[in-house]
Amino acid sequence: MGEVKILYDLLQLELGRKNIENTELPICITGNLNPAFPIRPYQQKAFQLFLNYWQEAFDGKPRHNHQLLFHMATGSGKTLMMAGLILYLYEKGYRNFLFFVNSTNIINKTRDNFLNGQSGKYLFAENLSFGDKQVTVREVENFQAANQNDINIVFSTIQGLHMSLNMPKENSLTYDDFEDQKIVLISDEAHHINADTKKRLLTQDELFETISWEGTVERIFRAHENNTLLEFTATVDFTDENLAVKYKPKLLFDYPLKEFRKDGYSKEVKVLQADLQPFDRAMQAVLLSQYRRKIFEKHKKHIKPVILFKSKTIKESQEFFEEFKDGMQGLQPSTLDAIRTKTTDATLEKMFAYFLTYNITMENLVIELKEDFSEDKLISVNSKEESVEKQLAVNSLEDENNEYRAVFAVDKLNEGWDVLNLFDIVRLYDTRDSKAGKVGKTTMSEAQLIGRGARYCPFQLSDDQPLYGRKFDADLDNELRVCEELYYHSAYNPKYIQELNTALREIGIKAKETREIEIKLKESFKATALYKSGHIFLNSQQKYDRADIDRLNSSLINQRYKVLLRTGYTKSAVMFESGTDKDSVERKSKDYDLLSFGIPIIRKATQRLSFYEFDNLKQYLPQLNSMREFITSERYLGKIKLEVSGLPDQIENLLPDEKLDATTQILDAIAGVIASDKVEFKGTKLFKPYMLKDRFTDKTLNFAIDDNSDKEFGRSMNDASETAYHLDLSKRNWYVFDDCFGTSEEKLLIRFIDKRYGDLKKKYSDVYLIRNEKHFKLYNFEDGRPLEPDFVLYLIGKEKRDTMHYQVFIEPKGSHLLKADEWKEKFLVSIKDSFEIEQLFTDKKYTVWGLPFYNNEYSEIEFTEAFGSLIV
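Residues numbered from 1 in each chain as written. Predicted model: local features only at pLDDT ≥ 70, side-chain atom pairs only at ≥ 80, totals over all residues. Heavy atoms only, no water.

Some points on the overall build of the chain
(1) Moving on: Looking only at helices and strands, the chain has 32 helices and 30 strands in total.
(2) Moving on: For the chain, the C-alpha radius of gyration of 31 Å lies close to 29 Å, the compact-globule estimate for 872 residues.
(3) Moving on: Dimensions along the principal axes, computed over C-alpha positions, put the chain at roughly 85 × 80 × 55 Å.
(4) Moving on: For the chain, buried positions account for 53% of its 872 residues.
(5) Moving on: In the chain, the share of contacts with a sequence separation of at least 24, taken over all contacts with a separation of at least 6, comes to 77%.
(6) Moving on: When the accessible area of the chain is evaluated, it comes to approximately 40100 Å², of which 47% is carbon and sulfur surface.
(7) Moving on: Across the chain, the mean location of the 122 positive side-chain charges is 3 Å away from that of the 138 negative side-chain charges. (Helix = DSSP H or I, 4+ residues; strand = E, 2+ residues; numbered from the N terminus. Rg over C-alpha atoms; globule rule 2.2 N^0.38 Å. Buried < 20%, exposed > 50% of the residue type's maximum accessible area, 1.4 Å probe, protein only. Contact = heavy atoms within 4.5 Å. Areas by Shrake-Rupley, 256 points an atom, 1.4 Å probe, with all protein chains shown as cover. Lys, Arg positive; Asp, Glu negative; His and termini not counted. Charge placed at Lys NZ, Arg CZ, Asp CG, Glu CD.)

Side note on the nonpolar core
(1) Moving on: Judged by nonpolar contacts, the single largest core of 86 residues is most densely connected at Phe-50, Phe-70 and Ile-151.
(2) Moving on: If one sorts the elements of this core by residue count, helix 5 (residues 78–91) sits on top with 10 residues.
(3) Moving on: Excluding its chain neighbours within four sequence positions, the residues that come into contact with Ile-151 are Ile-86, Leu-87, Tyr-90, Arg-95, Phe-97, Leu-128, Val-135, Thr-136, Val-137 and Arg-138.
(4) Moving on: Formed by 65 residues, the second largest nonpolar core is a distinct cluster that contains Phe-752, Leu-787, Tyr-846 and Leu-851. (Core = buried A, V, L, I, M, F, W, Y, C linked by side-chain atoms within 4.5 Å.)

Some remarks on the pattern of salt bridges
(1) Moving on: Counted by the stated rule, this structure contains 49 salt bridges.
(2) Moving on: Overlapping salt bridges bring together Glu-268, Lys-270, Arg-470, Asp-473, Arg-481, Glu-484, Glu-485 and Glu-516 as one network. (Salt bridge = Lys/Arg side-chain N within 4 Å of Asp/Glu carboxyl O.)

Some thoughts on the sheet that holds strand 14 (residues 422–427)
(1) Moving on: As summarised here, the arrangement of the six strands in space is 10-15-14-11-13-12, forming an open sheet in which the pairing is parallel. Either end of the sheet is taken by a strand with one partner, and the two such strands are strand 10 (268–274) and strand 12 (378–380). This sheet shows a mean twist of 20° between the axes of neighbouring strands, independent of strand direction.
(2) Moving on: With three bridges joining them, strand 12 and strand 13 (residues 406–409) adopt parallel strand pairing. The residue bridging Ser-380 from the neighbouring strand is Phe-408, located in strand 13.
(3) Moving on: Each of strand 10, strand 11 (306–310), strand 14 and strand 15 (485–491) touches helix 12 (residues 278–298); the most contacted strand, strand 14, lies at about 175° to it. (Pairing = 2+ DSSP bridges. Axes fitted to C-alpha atoms, helices over the stretch in contact; angles between N-to-C directions.)

Brief notes about the pairing of strand 29 (residues 803–810)
(1) Moving on: Burial runs high along strand 29: eight of the eight residues are buried.
(2) Moving on: Taking every second residue as pointing to the same face, both faces of strand 29 are buried, with Thr-803, His-805, Gln-807 and Phe-809 on one and Met-804, Tyr-806, Val-808 and Ile-810 on the other.
(3) Moving on: With six bridges connecting them, strand 28 (residues 791–797) and strand 29 associate as antiparallel partners. Looking across to strand 29, one finds that Val-792 is bridged to Phe-809.
(4) Moving on: Here strand 28 hands over to strand 29 after five residues, with Asp-802 in that stretch at a positive phi of 50°.
(5) Moving on: Direction of pairing for strand 29 relative to strand 30 (residues 844–850): parallel, over a ladder of seven bridges.

What about unusual backbone geometry?
(1) Moving on: The phi dihedral of Lys-300 falls on the positive side, at around 60°, and the residue is not glycine.
(2) Moving on: The topology assignment puts Lys-300 in the loop between helix 12 and strand 11.
(3) Moving on: Notably, Asn-359 is not glycine yet its phi reads approximately 55°, a positive angle.
(4) Moving on: Summarising the element assignment, Asn-359 is placed in the loop between helix 15 (346–357) and helix 16 (362–372).

Description of the packing of aromatic side chains
Aromatic ring pairs are described here by two measures, namely the spacing of the ring centres and the angle between the planes.
(1) Moving on: All told, the structure shown has 55 aromatic pairs when counted by the stated rule.
(2) Moving on: Plain terms: the ring middles of Phe-296 and Phe-459 are 5.4 Å apart, the flat faces sit at 80° to each other, and that makes the pair edge-to-face. Here the residue Phe-296 occupies a position in helix 12, and Phe-459 occupies one in the loop between helix 18 (441–453) and strand 15, the gap between them amounting to 163 residues. Neither Phe-296 nor Phe-459 differs from the other in exposure class; each is buried.
(3) Moving on: Arranged with centres 6.2 Å apart and planes meeting at 40°, the rings of Phe-320 and Phe-324 form a pair that is tilted. Of this pair, Phe-320 and Phe-324 are both found in helix 13 (residues 314–329), four residues apart, which corresponds to roughly one turn of the helix. (Phe/Tyr/Trp six-rings, centres within 6.5 Å; stacked < 30°, edge-to-face > 60°.)

Remarks on the packing of helix 12 against helix 15
(1) Moving on: For the pair helix 12 and helix 15, the least separation of the axes is 11 Å and the interaxial angle reads 55°. By the criterion of interaxial angle, the relationship of helix 12 to helix 15 is oblique. Helix-helix and strand crossings are classified by hand; for helix 12 and helix 15 the assignment is left-handed. Together, Gln-284, Leu-287, Leu-288, Tyr-291, Lys-294, Ile-295 and Lys-298 of helix 12 and Thr-347, Leu-348, Lys-350, Met-351, Phe-352, Tyr-354 and Phe-355 of helix 15 make up the contact between the two elements.
(2) Moving on: Residues of the contact of helix 12 with helix 15, tallied by class, amount to nine nonpolar, two polar and three charged. (Parallel < 35°, antiparallel > 145°, perpendicular 65-115°, else oblique. Left-handed = near helix turned anticlockwise from the far one by under 90°. Nonpolar A, V, L, I, M, F, W, Y, C, P; charged D, E, K, R; others polar.)

With respect to the sheet that holds strand 2 (residues 96–101)
(1) Moving on: The parallel open sheet is built from seven strands, whose spatial order is 5-6-2-7-8-1-9. Bordering the open sheet on either side are strand 5 (137–139) and strand 9 (251–255), each of which pairs with just one other strand. Each adjacent strand pair in this sheet contributes to an overall mean axis angle of 20°, direction not counted.
(2) Moving on: Summarising the sheet, strand 1 (residues 66–72) and strand 8 (residues 228–233) pair through six bridges and their orientation is parallel.

Some details on the environment of Phe-841
(1) Moving on: Along the chain, the position of Phe-841 falls in the loop between helix 31 (822–834) and strand 30.
(2) Moving on: On the accessibility criterion, Phe-841 (38% relative accessible area) is partly exposed.
(3) Moving on: Taking the C-alpha atoms as reference points, Phe-841 and Asp-802, separated by 39 residues in sequence, lie 9.0 Å from one another.
(4) Moving on: Other than its neighbours up to four places away in sequence, Phe-841 contacts His-535 and Tyr-846.

Brief notes about the side chain of Lys-747
(1) Moving on: Topologically, Lys-747 is positioned in helix 29 (residues 744–755).
(2) Moving on: Those residues within four positions of Lys-747 in sequence are excluded, and the remaining contacts are Glu-712, Arg-715, Ser-716, Met-717, Thr-723, Tyr-725, Cys-740, Phe-741 and Gly-742.

Structural notes on the confidence of the model for the chain
(1) Moving on: The share of residues in the chain with pLDDT of 70 or more is 92%, and the mean pLDDT across the chain is 87.
(2) Moving on: The low-confidence segment residues 195–202, where pLDDT is below 50, has 21 contacts with residues more than four positions distant or belonging to other chains.
(3) Moving on: pLDDT under 50 marks residues 568–584. Its contacts with residues more than four places away, or in other chains, come to 29 contacts. (pLDDT = per-residue confidence, 0-100.)

What follows is the structure, encoded as structure tokens:
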């Protein structure tokens, strides 16, 4: 069997990565999703791939069934992707959507996300609008009587879908629903309907059931040529040859848990094993949970950490529930003291030190814990009846009015449990099912539970911090670091822990290797005048009121907009099929000035689009005085030109409706660009001084080392046995830290400067290179986006008067990031000609520079040229 091609690879080969990355998301998506859930970079990439696929598939090509797979990590926002795709496909003419999954729990959660505007996890904007049309999302039982102006969704389990179609009842779905009109099928946790595709042997009952499910889905998908099937899963085994053949040609987006964790969207997972009785292990988790709560409260964050106590059987869970309840009621300070004196875990030691520092006695803790973990704040979800009855409470553990601190369960909290404030899982049993060195089924399911629990609990201390991502990988000593970690508490069982860590690495939630390394400033540098009394000059982020915006962006005004009139002609072709079949309709094009259509037509088009309500438009264009000015002024729409394509007699004599349709298309496109260009912040050009000794300190860093990460990352530059770029930094006083554990490009930059150090010393009295380990940020002039240059180079001139003090920001960049981070390079290069500094001393002259990216393979010539201007 030949190699199976992956769809997203084919798409990028066909269209080009740059073209896909530059695709603007349409306003039907950006304007109709809940702004409380900003689209993350990887979600934007998924949308861009889909938009390009859809355009390539349908732009003058035949309509036929399309099946796509989104392989996305648990917690990465698959449901938000579904909501955005529903909005886009509605605009493309779809009105009916079927959401199906194997779990009633996921059905209820998704129903809430799509329909309940009062839910904290509702995914749509308050008002949905498409052009001049207001739209409602409605749940329906079938599509026969669905309102064709609305978004109609049927929610079903795959089991229920199979039953209702093959044994139809009144008002239920029938196969006719899928034959008479086009429908989008959305399959969540799609791996559940592929058991018969896999090679593993099934029982007769499993075989009948899964073939029935997969066959039912295939039949309704093929029932209408325009039906579309979108599948979402966090679990697909591409090592299975049959699954690879089925899904690689349909895999549009691949974002596994490993990438999710590397991008910082998950908690870091720690496994804490203790040779203690279950209740004492539970108490360690309770203390850690309370410690986190105090840390959050200290930083004015109302976040309640939750613990999951996991048992092997319902009976054991019920028994431990009673033991825990009674133990908490009778809790004594001596129990906590015993844990304190016996522990050797660094985090627990830090926790007890925190309690001591803030005068939190064991007696005070006992009083708190008895209240916070009282019986009314414990919830058991073991029996089927309890799970259904209490599911709402378990799925709303993050809500302020939900006071549950601990959940007791066996295996009810699996797929679909979407809780972000879970920080501790306590395994109350001590068994293994691994054989012959292979990870057992139970251990793998435990690892998957950890993966679900490890999604990040959002918080930020300032606007320039990521809300949904880790912030302290480069500052492990920060007390908030424990609020970015999930602890899995286990009995002392080294073989089990080894197997669990293997499983965690297999699913991607844990790196192959982690290193915690302390880096220190050299004592020689701490003794310098630069460190003791010198400054680092930094700009700041400011809210941007757009007061200086008095026109549309020139790129919008000068662009020629292409409009394709509807001719009524259709034809079919297969995506990416090479052939000579061309559109047989003879089309011609003609240029028009938009204003030539007449003010009434343009005004009517603006009235169709809610974006152009004057109050909304003023938010983006604050100097706009009236809609007439917007339509007629050359600073806005007055110079817009369009190229109309259609049948020869159409374009020569445009009907009023055709003019209105063309104008609406153009204004809708312009609205999307204006909305995406709304700048909330800008970076100041004024750089203010901050004491260097206050910014640069010793730090403990965390390095997560994966198979596909930079091979130099986390490796000592001093140690010749670890690195390919050895340099003994202990003998280079100009490098202020005792070692470098950065990437290959960072180490190559250090070697680059080492070779030129002699030339620098000829011109400057002092030369110091400082690695930025999350010590400072800069802010892009244009939009205030934060960036953290990897290095700052200090150069102090030899002049006795008006001594030059250069502060140069440098960013080595891997080849794979040169394009994506192009905005950073543009900003760094612009600093030299844009910065403003209030000079502090009459005999010193401070100047701030930024250099182009350093990349050994692709940009060393440009970097060398720019760097050379510091030496000449």
